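Architecture and fold: a report
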Amino acid sequence: MRITFPYMGTSRIAFKHLIENLGHEALVPPAPSKRTLTYGTQYAPEFACIPFKILLGSYIEALNQGAEMIITSGGIGPCRAGIYGMLHEKILKNLGYNFEMIVFEPPLTNIPDFVRKINKVIKPVNVSWIRFLKQFKTSWLKLKTLDEVESLTLKIRPRELSKGETTKVFAQCLDIIDQANSREDIIEAREKAKKLLQAIPQDTERKCLKIGIVGEIYVVLEPFINLDIEKNLGEMGVETHRSIYLTDWSKENAVSGDGEEDIKRVAKPYLSEPVGGHGVSSIGETVIYGKKGFDGVIQLAPFTCIPEIVAKSILPQVSKDYNISVMTIFLDEQTGKAGIQTRLEAFVDLLNQRRMLTREDKTCGVI
Amino acid sequence: MSIKVGIPSTLYYYSHFLFWRVFFEGLSMEVVTSPVTTKEIVDQGVKEAVTDACVPIKVFHGHVMNLRDKVDYLFIPRMVSLNGEATFCPKFLGLPDMIRFSLPDLPPLIEPRIDLKNNKIKLWQICKTIAASLSAGKIKAYGAYRKALNAQKKFEEKLIAKVKPLEYLQDYTISTFSAATGDTPPVRLAVLGYPYELYDPFISVNILKKLEQLEVETLTIEMIHPKLIAKEASHLPKNLFWHYSNQVIRAAYYYLHQGIDGLIHITAFGCGPDAMVDKIMELEAKQHNQVPFMTLTIDEHSGEAGVMTRLEAFVDMIRLRKGQNA
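Residues numbered from 1 in each chain as written. Chains lettered and ligands numbered in written order. Predicted model: local features only at pLDDT ≥ 70, side-chain atom pairs only at ≥ 80, totals over all residues.

Observations concerning the overall build of chain A
Test applied: Put simply, DSSP H or I for four residues or longer makes a helix, DSSP E for two residues or longer makes a strand, and each gets a number counted from the N terminus. For the radius of gyration, the atoms used are the C-alpha atoms, and the globule rule reads 2.2 Å times the number of residues raised to 0.38. Residues with at least 20 neighbouring C-beta atoms inside 10 Å of their own are called buried, those with 12 or fewer are called exposed, and the rest are partly exposed, where every C-beta is derived from the backbone. Residues are scored as being in contact if the C-beta atoms we place from backbone atoms lie within 7 Å.
Within chain A one finds 15 helices and eight strands. Computed over its C-alpha atoms, the radius of gyration of chain A comes to 21 Å, within 12% of the 21 Å expected for a compact globule of 367 residues. Dimensions of chain A, computed from C-alpha atoms along their principal axes, come out at roughly 65 × 45 × 40 Å. For chain A, the residues scored as buried account for 47% of the 367 residues in total. Sequence separation of at least 24 residues holds for 74% of the intrachain contacts in chain A that already meet a minimum separation of 6.

Given below as structure tokens:
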């Protein structure tokens, strides 16, 4: 069967790996483009968030290329994303497309449903559960590898000697990882990619500003939506740290150090109720970045994203309490590159000036 | 002098105010409400609230500002869930926090976490805790709680009998529709939206009244018995996550099955849940015999004339359609 799935950052490589190794044909949707957005905005509700529109657009592109099944994830709310699978299906069927949609809910909320859906995918190709789990584990390793390599680029890019080098090498790394098939291959590819990146000539003396990126996962992970914010900041000489990666590994190791500081716990004085999506995390991670002495935090959110709006209204207080500058960027299909670039430059200038002052009498700013 | 508790007259006000008023009065407190939304309240809210919030949340900020200096306590419950099936919109979930961190110099907040999971005892427990925090006795609290339940029940019965919430709560009159005298059958429209938008004459640009002037019979969610609404849940493969949104979409199914001449969805600019609700409604109206469907998006800039023109056009179109079918 020709199976397609949501396109989100580099994770596509791991999903493709899983589907192909189960014996299906993986139809990787084209990288999101203006055309994707045009399809998406044409048929999506006006106030749906940009991830909804991009997904709808890329489903249409994939269906036009002959996809027969769409696999996506659900959710238990109260973030809207949990409804997206259902609504995408309704909209696409109304447009006359013929396909099967499988929406995976968090397995523990309904185990029989989960089993039934997995069976739907693996039965037609006669794959046993054991083989499925084995393939799943390999794909997970690939996903982890992708995250690991990408987080390395965030450290190297601001220190590269020739601008754009890291991005070029990273593209090579993705190809290498994409071609790795077995566990051993993937581990080998990981080491090779790391070596390639580390070989980039760097100015290790450079004192880079450090900015944490928090916010809604899809806009953080997909460079087409966030207008390559990590690359842009990196090339301005800013080291960014991304709070969310797809894998839990990074969640525990990258953000909260050794898993000592629990994001929800530090967010609690500000927001005690889970508001869905990444609302609470945005607050908790800002607290952690503040404690770790980062220069600033950028909150990325889709326009009309409810959890992030709640977080935004609370962040000024976090900013004051932890003396860390916070800038919120809401993104949608109208967002222009030049506007964002100007705001980023201004923010970076502000942080540079703050660095020149002594830590004590720094006043914080929220833009 | 009795202690004054302030309750902003927006959001949950339209559904649950009476319960809380009777309860606090039963504890010998004075309940102070903000006036029905005015231009000043909207302006104040827009000034204080985060720009990306929807108009009802901005207006809520305005109501809080209006009450701030007049009361000893502000009552801002964290509405989580009434039936365990759906939660409220995330903005309701974070409301006390949003208010606390965006508005300066607030009186102490009474902010119970309302998560009932369809369990009556829970509500009593919440009331008991509130009473204790205000150092009122348990017996007094129980009396107040019983009275409040009764008052709320009566209120909900009135709503089903087509009384508008504001008429009952504040003697705010919206003229009621009387069947047209001519020989044209009246146009019946389902006007669906969250109670704090639809019934707030300022936020909704007085849509209900305008429709009544056009001699249209308006049907709203509150006129359906809650049990009948709950029955409509089966039409969607997955429930929506939000309490009020489920009410709206189920009422839409209810009225579409009952047979109506048109469907109007009132939604706030940028409302997250409504982006989903609106599209589902649109697709369903299309499938139910192409029932005419209109979305009216409102925000703090909505103008009377623009809304009136759209309503007139919609109603005219329906009258034409009815004439042709007859």
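Quick look at the interface of chain A and chain B
Rule in force here: When residues are sorted by character, Ala, Val, Leu, Ile, Met, Phe, Trp, Tyr, Cys and Pro go into the nonpolar class, Asp, Glu, Lys and Arg into the charged class, and all the rest, Gly among them, into the polar class.
Taken residue by residue, the interface counts 30 residues in chain A and 31 residues in chain B. Contributing elements (two or more residues each) for the side of chain A that touches chain B: α4 (81–94) and α14 (306–322) of chain A. Ranked by residues supplied to the side of chain A that touches chain B, first place goes to α14(A) with nine residues. Its residues assigned to classes, the side of chain A that touches chain B shows 18 nonpolar, eight polar and four charged.

Let's talk about the sheet that holds strand β8 (residues 216–219) of chain B
All names here are of chain B. Threshold: Strand pairing requires that DSSP identify at least two bridges connecting the strands. The convention used is that axes are lines fitted to C-alpha atoms, helices contributing only their stretch in contact, and that angles between N-to-C directions extend from 0 to 180 degrees.
Spatial strand order, β8-β7-β9-β10: four strands in an open sheet with parallel pairing. Pairing within the sheet leaves two strands with one partner each, and these edge strands are β8 and β10 (293–298). Pairs of neighbouring strands in the sheet enclose a mean axial angle of 25 degrees, with direction left out of account. Two elements, strand β7 (residues 187–192) and β8, share four bridges in a ladder whose sense is parallel.

Concerning the environment of B:Leu109
All names here are of chain B. Within the fold, leucine 109 resides in strand β5 (residues 109–110). Judged by C-beta crowding, with 17 C-beta atoms within 10 Å, leucine 109 ranks as partly exposed. Sequence separation of leucine 109 and asparagine 119 is ten residues, and the distance between their C-alpha atoms is 25 Å. Each residue touching leucine 109, except ones within four places of it in the same chain, is listed here: Leu74, Ile76, Pro96 and Arg100.

Some words on the sheet that holds strand β5 (residues 209–215) of chain A
Residues and elements named next belong to chain A. The strand order β6-β5-β7-β8 describes an open sheet built from four strands, whose pairing is parallel. Looking at which strands have only one partner, the edges of the open sheet turn out to be β6 (238–242) and β8 (325–331). On average, each strand axis in the sheet is inclined to that of its neighbour by 25 degrees, with strand direction left out of account. Of the strand pairs in this sheet, β5 and strand β7 (residues 296–302) are connected by five bridges, and their pairing is parallel. The residue of β7 that forms the bridge with glycine 215 is leucine 300.

Looking at helix α2 (residues 39–48) of chain B
Residue and element names in this part refer to chain B. Spelled out, the test is: Read the arc as the range of directions from the helix axis to the C-beta atoms.
Within α2, the full set of buried residues consists of Ile41, Val42 and Gly45. With its buried residues spanning 100 degrees around the axis, α2 presents them on a single face. Seen from the buried face of α2, the exposed residues on the opposite side, beyond 90 degrees, are Lys39, Glu40 and Lys47. On its buried face, α2 is in contact with α3 (55–68).

Topic: the domain arrangement of chain A
Often the size quoted for an interface is simply the accessible area lost on bringing the parts together. Residue and element names in this part refer to chain A. What counts here: These domain limits were set by an automatic method or by a database of domain assignments.
By the assigned domains, chain A splits into domain 1 (2–127), domain 2 (141–207) and domain 3 (208–367). Once you take the C-alpha centre of each, domain 1 and domain 2 turn out to be 28 Å apart. Contact residues are listed per partner, giving five residues for domain 1 and seven residues for domain 2. Tallied by class, residues from the side of domain 1 that touches domain 2 come to two nonpolar, three polar and no charged.

A word on the packing of helix α2 (residues 34–43) of chain A against helix α3 (residues 50–64) of chain A
For any two helices packed against each other, the geometry comes down to the angle between their axes and how far apart the axes lie. All names here are of chain A. Selection rule: By definition in this entry, angles of less than 35 degrees are roughly parallel, angles greater than 145 are roughly antiparallel, angles of 65 to 115 are roughly perpendicular, and the rest are oblique. It is the rotation of the near helix from the far one that decides the hand of a crossing: anticlockwise by less than a right angle makes it left-handed, clockwise makes it right-handed.
The interhelical angle for the contact between α2 and α3, taken along N-to-C directions, is 110 degrees, at an axis separation of 7 Å. Here α2 is positioned roughly perpendicular relative to α3, judged by the angle of their axes. Classified by chirality, the crossing of α3 by α2 is right-handed. Only Lys53, Ile54, Leu56, Gly57, Ser58, Ile60 and Glu61 of α3 make contact with α2, whose side of the interface consists of Thr36, Leu37, Tyr39, Gly40, Thr41 and Tyr43.

Here's the deal with the nonpolar core
Filter applied, for reference: Linking buried Ala, Val, Leu, Ile, Met, Phe, Trp, Tyr and Cys residues through C-beta atoms within 7 Å yields a set, and such a set is a nonpolar core.
Core analysis: the biggest nonpolar cluster contains 198 residues, and A:Ile283, B:Phe23, B:Val191, B:Ala252 and B:Leu263 have the highest contact counts within it. Setting aside chain neighbours within four positions, we find B:Val191 in contact with B:Leu198, B:Ile207, B:Leu208, B:Leu211, B:Thr218, B:Leu219, B:Thr220, B:Ile264 and B:Ile266.

A closer look at the pairing of β6(A)
Regular strands have side chains that alternate between both faces of the sheet. Counting buried positions over the five residues of β6(A) gives five, a clear majority of the element. Where burial is concerned, the two faces of β6(A) agree: the one with A:Val238, A:Thr240 and A:Arg242 and the one with A:Glu239 and A:His241 are both buried.

Describing the domain arrangement of chain B
All names here are of chain B. For chain B, the assigned domains are domain 1 (4–160) and domain 2 (174–325). Taken together, the contacts link 23 residues of domain 1 with 25 residues of domain 2. Of all the elements in the fold, those that place two or more residues in the side of domain 1 that touches domain 2 are α1 (13–26), α2, α3 and α7 (138–160). When residues of the side of domain 1 that touches domain 2 are assigned to their parent elements, the largest contribution, four residues, is made by α3. Looking at the side of domain 1 that touches domain 2, its residues break down into 16 nonpolar, five polar and two charged.

Some words on α3(A)
Residue and element names in this part refer to chain A. This is how it is decided: One fewer than the residue count of a helix, multiplied by 1.5 Å, yields its expected span.
Taking 1.5 Å as the rise per residue, α3 with 15 residues should run 21 Å; its terminal C-alpha atoms sit 21 Å apart, in good agreement. Burial analysis of α3 places 14 of its 15 residues in the buried class, the great majority of the element. Positive backbone phi, at 105 degrees, marks glycine 66, one or two positions downstream of α3.

Topic: the environment of A:Gly339
With respect to the helices and strands, the residue A:Gly339 is situated in helix α15 (residues 337–356). For A:Gly339, a count of 12 C-beta atoms within 10 Å corresponds to the exposed category.

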